[in-house]
Amino acid sequence: MSTHHRYGPNGEYLGSSVHKGDRIENFDELGRQVSTSWVYEDRVDTYGVGEGLTQRDWKISDRETDVRDAAGEYLGSSWDAGTHTDYYDADGGYAGSDW
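Note that this is a predicted model, so its numbers are computed, not measured. Residue numbering note: each chain is counted from 1, following its sequence as written. Local features in this predicted model are restricted to residues whose pLDDT is 70 or higher, and side-chain atom pairs enter the listing and the counts only when it is 80 or higher, whereas totals over whole chains, interfaces and linings include all residues. Calculated side-chain values reflect all of the structure's heavy atoms, with hydrogen atoms and water omitted.

This next bit is on the overall build of the chain. On a plain count of helices and strands, the chain comes out with zero helices and ten strands. Counting from the N terminus, the helices are the DSSP runs of H or I reaching at least four residues and the strands are the DSSP runs of E reaching at least two. Along the chain, from the amino end to the carboxyl end, the secondary structure elements read β-β-β-β-β-β-β-β-β-β. Oriented by its inertia axes, the alpha-carbon framework of the chain measures out at about 30 × 30 × 20 Å. Out of the 99 residues belonging to the chain, those deemed buried represent 30%. In what follows, residue pairs with any heavy atoms lying within 4.5 Å of each other are defined as contacts. Across the chain, every contact between residues at least 6 apart in sequence was considered, and the portion connecting residues at least 24 apart equals 10%. By the counting scheme adopted, Arg and Lys are positive, Glu and Asp are negative, and His together with the chain ends is not counted. Charge positions are represented by NZ for Lys, CZ for Arg, CG for Asp and CD for Glu. When the 9 basic and 20 acidic side-chain charges of the chain are each reduced to a single mean position, those positions are 5 Å apart. Think of it in three bands: residues with accessible area under 20% of the maximum for their type are buried, residues over 50% are exposed, and the middle band is partly exposed, with areas taken using a 1.4 Å probe on protein chains only.

So, on to the sheet that holds strand β10 (residues 94-98). Between any two strands, pairing holds if DSSP finds at least two bridges. Pairing within the closed barrel is antiparallel, and its ten strands lie in the order β1-β2-β3-β4-β5-β6-β7-β8-β9-β10. Averaged over all pairs of adjacent strands, the angle between strand axes in this sheet comes to 20°, irrespective of strand direction. Pairing of strand β2 (residues 13-20) with strand β3 (residues 23-28) involves six bridges; the strand directions are antiparallel. For K20, the partnering residue across the bridge sits in β3 and is R23. Every axis in this analysis is a line fitted to C-alpha atoms, fitted for helices over the stretch in contact. Angles between the N-to-C directions lie between 0 and 180 degrees.

So, on to the packing of aromatic side chains. Two descriptors summarise a pair of aromatic rings, namely the distance from one centre to the other and the angle between the planes of the rings. Pairing of aromatic rings covers Phe, Tyr and the six-membered ring of Trp, with a centre-to-centre limit of 6.5 Å; geometry is then stacked below 30 degrees between planes, edge-to-face above 60, and tilted otherwise. Throughout the structure, instances matching the rule amount to two aromatic pairs. Note on Y88 and Y94: the rings are 6.2 Å apart at their centroids and 65° apart in plane angle, and the pair reads as edge-to-face. Y88 gets classed as partly exposed once you look at its relative accessible area, which sits at 29%.

Before going further, it helps to examine the side chain of T36. Within the element layout of this structure, T36 appears in strand β4 (residues 33-39). The definition of a polar contact used here is a pair of N or O atoms within 3.5 Å, where within protein one atom must be able to donate a hydrogen and the other to accept one, and adjacent residues in sequence count solely through side-chain atom pairs. Looking at T36, its side chain comes within polar contact range of the side chain of Q33, at 2.9 Å. Those residues in contact with T36 that lie beyond four places of it in its chain are R23, I24, N26, D45, T46 and Y47.

Another point: the side chain of S17. Relative to the helices and strands, S17 is located in strand β2. At 3.1 Å, the side chain of S17 and the side chain of H19 are in polar contact.

The term salt bridge refers to a side-chain nitrogen of Lys or Arg lying within 4 Å of a carboxyl oxygen of Asp or Glu. All chains considered together, the criterion is met by seven salt bridges. Linking K20 and E25 is a salt bridge whose minimum nitrogen-to-oxygen distance equals 3.4 Å. By relative accessible area, which is 15% here, E25 ends up buried. Between R43 and D42 there is a salt bridge, with its nearest N and O atoms 3.3 Å apart. Several salt bridges share partner residues, and in doing so they unite D42, R43, D45 and R56 into one network.

Listed below in structure tokens is the structure:
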């Protein structure tokens, strides 16, 4: 089990995620659980609390992920830098990091 903390592009705290094998529990900046993600070989499916599928992250390579909403609309991407993960919005702008 590991915990990651997410920060926005200006360093603001956005929340955390607790990784438990093939399940990830996601929390907002106040510590409230907002979603659960399930990790598969080719993707990560995220379900909001009390909702259905809200996001699907497709693995492009060992380091790059394509992030889409439940309807398949492109939301952005992520890049695994080894020590942390950087996130980019749909326009390619920096959207924050997980540490």
